[in-house]
Amino acid sequence: MNKFKSSCVLAALIFGTTLFLAGQEPQVPASNPPPPEPPAGAANGPHPGPAAQLPASGPRAGGATKPAAQGPPNRAAMMRKFLGIGAPPDPAAVDRGQKLFVANCAFCHGSTANGGATGPDLVRSVVVLHDQGTGKDIGKVVLNGRPDKGMPKFNMTEAQIKDIAAFLLSRTQAAANRGSYEIQNIVTGDAKAGETYFNAHCSSCHSPSGDLAHIAAKYDPVALQSRFLYPRDRRAFGTEGPPPNPKSEITVKVTLASGQSYEGRLDHIDDFSVALVEPSGEYHSWLLDAEKGIKVEVHNPLQAHADMLPEYTNADMHNILAYLEKLK
Ligand code: HEC
Ligand code: HEC
């Protein structure tokens, strides 16, 4: 929980106007594919940034990310993680974690962690959702147990718990992908309470008779829950694929010391560079070190969703879903 709160603060900084900040999160493995190639000739366009000085083989901003491996944490990876897209956990850790889980936990929680006869579903557990693969929240439950509630305590090392956390993260990420597992009856909440929550937290952007009308006819309950927990299209940011929903597109405004500014879809951002595509399709990138006084403002329409994620209680999630399910 604390960690999540600090992520919020950090994200607020990232999305604010200052790009260079001291507070850093632990590094997330940067396993995303490189950003798409800029349109031909982009580096030599009418307004070439300093990135155009890079060798011809690597004009794109991504070419500057290399030193991140041993240098400062990769901000782009942190952003992806925060936006709920999440870097996938290390497959070797997932594999070890799965073995530990099946041996120690599956008896009660089911071998896929979707719940068993005597233990709750961990894929939709708030504890697991908050843990984000770190092992911090899960570790507390595993090491102390909840003996009065039927959860025994385990003597496990930090490394073992981290591996289990990686396995559970892979399960929650799979659950955020539509249709990847069996649908269970998850519509157990109170629709009236959900409506109250909606009016307080969601109606500034959404309307049950407007954009969300018939939303429940569009998605099954599992997909609908994923949509409001993680509305970012999975391929929208930093990966290749169909263009993202324009309503959720991350945009950026770059202002140079001269006062000249550029605005467009965020193509790439990390510790060293920023790149955008203007509405005309023109691509620009800048090396931050080379551009003294550069100001970068990122606008993420889904920031509110990212901020709400750690705030929902289990009951909130079920109540919201029960309410949205009524919008057939
Ligand atoms: C004997 C059955 C049993 C075993 C074995 C077991 N658990 Fe549990 N676990 C439970 C029960 C029951 C609860 C719910 C406790 C409660 O209601 O607070 C629980 C709760 C949890 C929670 C908290 C879920 C939440 O949202 O509050 C986590 C995390 C968890 N278990 C992880 C594990 C892991 C990891 C293992 C294996 C190392 C494991 N459990 C083994 C029965 C078990
Ligand atoms: C500050 C604005 C804002 C707030 C507040 C907000 N959302 Fe969203 N929401 C968006 C944007 C932007 C999108 C992505 C564009 C879209 O699909 O409409 C989105 C997408 C969604 C979607 C997916 C729609 C689809 O067709 O796939 C659902 C469901 C949703 N939000 C539910 C909620 C709920 C429930 C709340 C309150 C708990 C909420 N939103 C609060 C801005 C907001």
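Structural data are supplied above this passage.
Note on numbering: residues in each chain are counted from 1, in written sequence order. Ligands are numbered from 1 and chains lettered from A, in the order in which they are written. Selection of residues for local features in this predicted model requires a pLDDT of at least 70, selection of side-chain atom pairs for listing and counting requires 80 or more, and totals for whole chains, interfaces and linings are taken over all residues.

1. What about the site of ligand 2?
Counted only if it meets this: Any residue whose C-beta atom, as placed from the backbone, lies within 6 Å of a molecule or strand is termed near it. Each helix is a run of H or I in the DSSP string that is no shorter than four residues. Each strand is a run of E no shorter than two, and both are numbered from the N terminus.
Taken together, 20 residues form the shell around ligand 2, and within it C202, C205, P231, K247 and A304 come nearest. For the shell around ligand 2, the elements supplying multiple residues, two or more each, are α8 (191–201), α10 (221–229) and α11 (303–308). Considering each element in turn, the shell around ligand 2 owes the most residues, 3 residues, to α11.

2. A look at the nonpolar core
Rule in force here: Any nonpolar core is a set of buried residues, restricted to Ala, Val, Leu, Ile, Met, Phe, Trp, Tyr and Cys, that join up through C-beta atoms within 7 Å. Any residue with 12 or fewer other C-beta atoms within 10 Å of its own C-beta is exposed, any with 20 or more is buried, and the rest are partly exposed; the C-beta atoms used are placed from the backbone. It is the C-beta atoms, placed from the backbone, that decide contacts: two residues are in contact if theirs lie within 7 Å.
Counting 18 residues, the largest nonpolar core has I138, I164, A165, F167 and L168 as the members making the most contacts within it. Where this core is concerned, the elements lending two or more residues are α3 (91–104), α5 (126–131), α6 (136–144) and α7 (158–176). For this core, the element with the most residues is α7, which contributes 8 residues. When neighbours within four sequence positions are excluded, I164 is seen to be in contact with G97, L100, F101 and I138. V252, A275, V277 and Y283 belong to the second largest nonpolar core, which has 13 residues in total.

3. Some points on the site of ligand 1
Rules: Under this grouping Gly is polar, as are all residues other than the nonpolar Ala, Val, Leu, Ile, Met, Phe, Trp, Tyr, Cys and Pro and the charged Asp, Glu, Lys and Arg.
The full set close to ligand 1 counts 23 residues, and C105, C108, S125, G150 and M151 are the nearest of them. For the shell around ligand 1, the secondary structure elements donating two or more residues are α4 (106–109), α5 and α6. For the shell around ligand 1, the class distribution of residues is 15 nonpolar, 6 polar and 2 charged.

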